[in-house]
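Take a look at the letters that make up each chain.
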Amino acid sequence: MEILGIDVGGTGIKSAIVETATGELLDEKHRIATPRPATPKAVARALGEVLRHHGWNGPVGIGFPAAIQHGVARTAANVDKSFIGLPITDYFSRETGRRVFIANDADVAGLAEMRFGAGKGHAGVVLIITIGTGLGTALFSGGHLLPNTELGHVFLENGQEAERYASEAVRVTKKLKWKDWGERLNLYLRTMEGLLWPDLIILGGGVSEKLNKFSPTLTTKAPVVAAGFLNRAGIVGAALFAEESLRKAAGA
Ligand code: BGC
């Protein structure tokens, strides 16, 4: 099925038409800046632009950087706080005039990785961490997702919130060397390992392309690998989520 996948991030909105049977992108990946402030109205307008760019009238899947519980946004760490409590699926469907399907951005990236990427066929406990403006997490066991884990917000033993200590945004703002940032990430990964004991850790987001630069600093027992889709996982996963939702709605 062909579906437009949109990955809404704290900094950029990335999109492409996806063939859900293979995870392949059918047109060029497009990126626009996330509006600031990222209010519901402003983001809806940006989504309208994205739809126009792709000339798309079909189904739309969106990965959004918040806990999305049954179509309602529950958190808003890197978007405007007015998203909290918003029935976001209904709202964006109404504003864009399309039927959109929305889930947490890291969860949908995880769906893509488990279906086609670095977690394909893995039956154990897999933790996917997307590293960008925030730190997103998706947790799978036996191929099943436990939705809306917000584990980028845990506090580390140094008293700092993980997302404010080891995200890509922190690396860039503080101009950290790969080794120094890698040590920060390692503290986070070891904290996660001590709590969840995953069999595999998959890193997504832009830095997944640079894993070789910081992997020497990582000391978890679980192997740490780059997302098979690198930072396209969010787009592909958003489309997979929409497909799954359509199938459920059709009773298939
Ligand atoms: C949000 C998560 C999101 C992550 C990555 C965090 O700040 O709370 O919902 O998955 O950023 O975008």
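Parameters and conventions
- Within any chain, residue numbers begin from 1 and follow the written order of that chain's sequence.
- Local features in a predicted model are, by the rule used here, given only for residues with pLDDT of at least 70; side-chain atom pairs are given and counted only at 80 or more, and totals for whole chains, interfaces and linings are based on all residues.
- Excluded from the side-chain calculations are hydrogens and water; all other atoms, namely the structure's heavy atoms, are used.
- Helix and strand definitions here come from DSSP, where helices need a minimum of 4 consecutive H or I residues and strands a minimum of 2 consecutive E residues; each element is numbered from the N-terminal end.
- Working definition: with a 1.4 Å probe on protein chains only, accessible area under 20% of the residue-type maximum means buried, over 50% means exposed, and in between means partly exposed.
- Should any heavy atoms of two residues lie within 4.5 Å, those residues are counted as being in contact.
- The nearness test applies per residue and asks whether one of its heavy atoms lies within 4 Å of the molecule or strand.
- Any pair of nitrogen or oxygen atoms within 3.5 Å is treated as a polar contact; in protein, a donor-acceptor pairing is required on top of that, and neighbouring residues in sequence qualify only through side-chain atoms on both sides.
- Any residue with an atom within 4 Å of a point lines the site, the site being either a cavity, points on a 1 Å grid over the protein atoms alone where a 1.4 Å probe fits but cannot get out, or a pocket, an open set with protein on both sides within 12 Å along at least 5 of 7 lines.
- Criterion for pocket placement: a molecule counts as inside a cavity or pocket if more than half of its atoms are within 2 Å of its grid points.
- Basically, the charged four are Asp, Glu, Lys and Arg, the nonpolar ten are Ala, Val, Leu, Ile, Met, Phe, Trp, Tyr, Cys and Pro, and anything else, Gly included, counts as polar.
- An automatic or database domain assignment supplies the start and end points of every domain.

(A) Inspection of unusual backbone geometry at higher detail. Put simply, Arg-36 and Pro-37 share a cis peptide bond, and its omega is -5°. Along the chain, the position of Pro-37 falls in the loop between strand 4 (30-33) and helix 1 (40-54). Of note in the backbone geometry, His-70 takes a positive phi value of approximately 50° without being a glycine. Mapped onto the elements, His-70 comes out in the loop between strand 6 (68-69) and strand 7 (72-73).

(B) Up close: the side chain of His-54. Tracing the sequence through the fold places His-54 in helix 1. Residue His-54 is classed as buried on the basis of its relative accessible area, which comes to 10%. What His-54 contacts, discounting residues up to four positions off in sequence, is Leu-4, Ser-15, Ala-16, Ile-17, Asp-27, Glu-28 and His-30.

(C) Region of interest: the site of the ligand. Asn-104, Asp-105, Glu-150, His-153 and Glu-163 are the nearest of the 13 residues found near the ligand. Within the side chain of Asn-104, a nitrogen or oxygen atom sits 3.0 Å from an oxygen atom of the ligand. At a separation of 2.5 Å, an oxygen atom of the ligand approaches a polar side-chain atom of Asp-105. When each cavity is represented as a set of grid points, the ligand is found to reside in the largest pocket. Partitioned by chemical class, the residues of the shell around the ligand number 5 nonpolar, 5 polar and 3 charged. Both domains that meet at the shell around the ligand, namely domain 1 (2-107 + 232-249) and domain 2 (118-228), each give it at least three residues.

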